[in-house]
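# Observations on the model geometry
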Amino acid sequence: MSIIFEHVTKRFDRTVLDDCTLHFADGKITALLGESGRGKTTVLRLIAGLETPEGGIVRADGRVAMLFQEPRLFPALTALENVRLVQPQHNRAAALDALRICRAEALADKRPHEMSGGERQRTALARLLAFGGDILLLDEPFSALDAATKAQVISNLRPHLAGRTVVLVTHSAEEAALADTQIELA
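The paragraphs below set out a description of the structure included in this document. (Residues numbered from 1 in each chain as written. Predicted model: local features only at pLDDT ≥ 70, side-chain atom pairs only at ≥ 80, totals over all residues. Heavy atoms only, no water.)

### Notes on the packing of helix H4 (residues 117–131) against helix H5 (residues 147–161)
As a packed pair, H4 and H5 sit with axes 13 Å apart at the nearest point and diverge in direction by 0°. Relative to H5, the element H4 is oriented roughly parallel. Along its contact with H4, which presents Arg122, Leu125 and Leu129, the element H5 presents Thr149, Val153, Leu157 and His160. For the contact of H4 with H5, the residue count by class is four nonpolar, two polar and one charged. (Axes fitted to C-alpha atoms, helices over the stretch in contact; angles between N-to-C directions. Helix = DSSP H or I, 4+ residues; strand = E, 2+ residues; numbered from the N terminus. Parallel < 35°, antiparallel > 145°, perpendicular 65-115°, else oblique. Contact = heavy atoms within 4.5 Å. Nonpolar A, V, L, I, M, F, W, Y, C, P; charged D, E, K, R; others polar.)

Here it is, written out as structure tokens:
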């Protein structure tokens, strides 16, 4: 469940990370904060293996699951089918439980085009929970949620994140409060 992120350099049209070393505590939640363009999402993509650094070491030891900023749901499938898709034997009860945790159980029979942005985001979060993983990478997971729904989802999620290594990208102090530690990317 460990993440190693040492002396990492990543360039696109400009250098986003330059000899960057970050420490993520095993089994804890770390919030990555900072202005747009500082490399927060890039850090997640590097940990997930979706990007390759120009230098340094990035390694995630454990089963990694990533929630992207955009929900990436299958449009022809219902919310329940989207969640069940990532599970062995497509366990209906576990999928419904994941939807309940994310306050999305009422969406079970809806397809993505029938949902609001926040509903799609909660469905994608439920899919991540159903998939499981030792290391969870969450890229602004609550950005499309209204304040009351966000507070309830965060409260529901807290026990399900315990013991997992979680990296949470956020611009919100409220969301960052979910974390054990916070790292500001400057």
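### Things to note about the layout of surface pockets
If you add up the space inside the largest pocket, you get close to 210 Å³. In terms of lining residues, the largest pocket is bounded by Ala65, Met66, Leu67, Phe68, Pro71, Arg72, Val86, Ala124, Arg127, Leu128 and Phe131. Per element, the largest residue contribution to the lining of the largest pocket is four residues, and it comes from H4. In terms of residue class, the lining of the largest pocket is built from nine nonpolar, no polar and two charged. (1 Å grid on protein atoms, 1.4 Å probe; cavity = no way out; pocket = protein on both sides within 12 Å on 5 of 7 lines; lining within 4 Å. Points joined across faces, edges and corners; volume = space filled by probe spheres on them.)

### Describing the pairing of strand E1 (residues 2–11)
One ladder, built from six bridges, connects E1 with strand E4 (residues 55–61); its direction is antiparallel. Note on E4: the bridge partner recorded for Ser2 is Asp61. Bridge count between E1 and strand E2 (residues 15–24): six bridges; the pairing is antiparallel. If you follow Arg11 over to E2, its bridge partner there is Thr15. From the end of E1 to the start of E2, which pair antiparallel, there are three residues. (Pairing = 2+ DSSP bridges.)

### Considerations on the sheet that holds E2
Strand order across the open sheet formed by three strands is E2-E1-E4, with antiparallel pairing between neighbours. Both edges of this open sheet fall to E2 and E4, since each of them pairs with a single strand only. The sheet shows a mean angle of 20° between the axes of neighbouring strands, direction not considered.

### Details of the packing of aromatic side chains
Per the counting criterion, the structure on display carries one aromatic pair. Centroid distance Phe5 to Phe24: 6.4 Å. Interplanar angle 90°. Geometry classified as edge-to-face. Taken together, the residues Phe5 in strand E1 and Phe24 in strand E2 connect sequence positions 19 residues apart. Considered together, Phe5 and Phe24 belong to a single accessibility category, that of buried residues. One Lys or Arg, Lys10, reaches over the ring of Phe12 and ends 4.9 Å from the middle of that ring. Here the guanidinium or amino end of Arg72 rests over the ring plane of Phe68, the centre of that ring lying 3.8 Å away. (Phe/Tyr/Trp six-rings, centres within 6.5 Å; stacked < 30°, edge-to-face > 60°. Buried < 20%, exposed > 50% of the residue type's maximum accessible area, 1.4 Å probe, protein only. Lys NZ or Arg CZ within 6 Å of the ring centre and 35° of its normal.)

### Re the pattern of salt bridges
Counting across every chain of the model gives eight salt bridges. A salt bridge links Arg38 to Glu35; the nearest nitrogen and oxygen atoms lie 3.3 Å apart. For Arg38, a relative accessible area of 33% translates into the label partly exposed. Judged by its relative accessible area of 53%, Glu35 is exposed. Ionic contacts of the salt-bridge type, sharing partners, join the residues Lys10, Arg45, Glu51 and Glu54 into one network. (Salt bridge = Lys/Arg side-chain N within 4 Å of Asp/Glu carboxyl O.)

Spatial relationships are all this shows, so hold off on functional conclusions.
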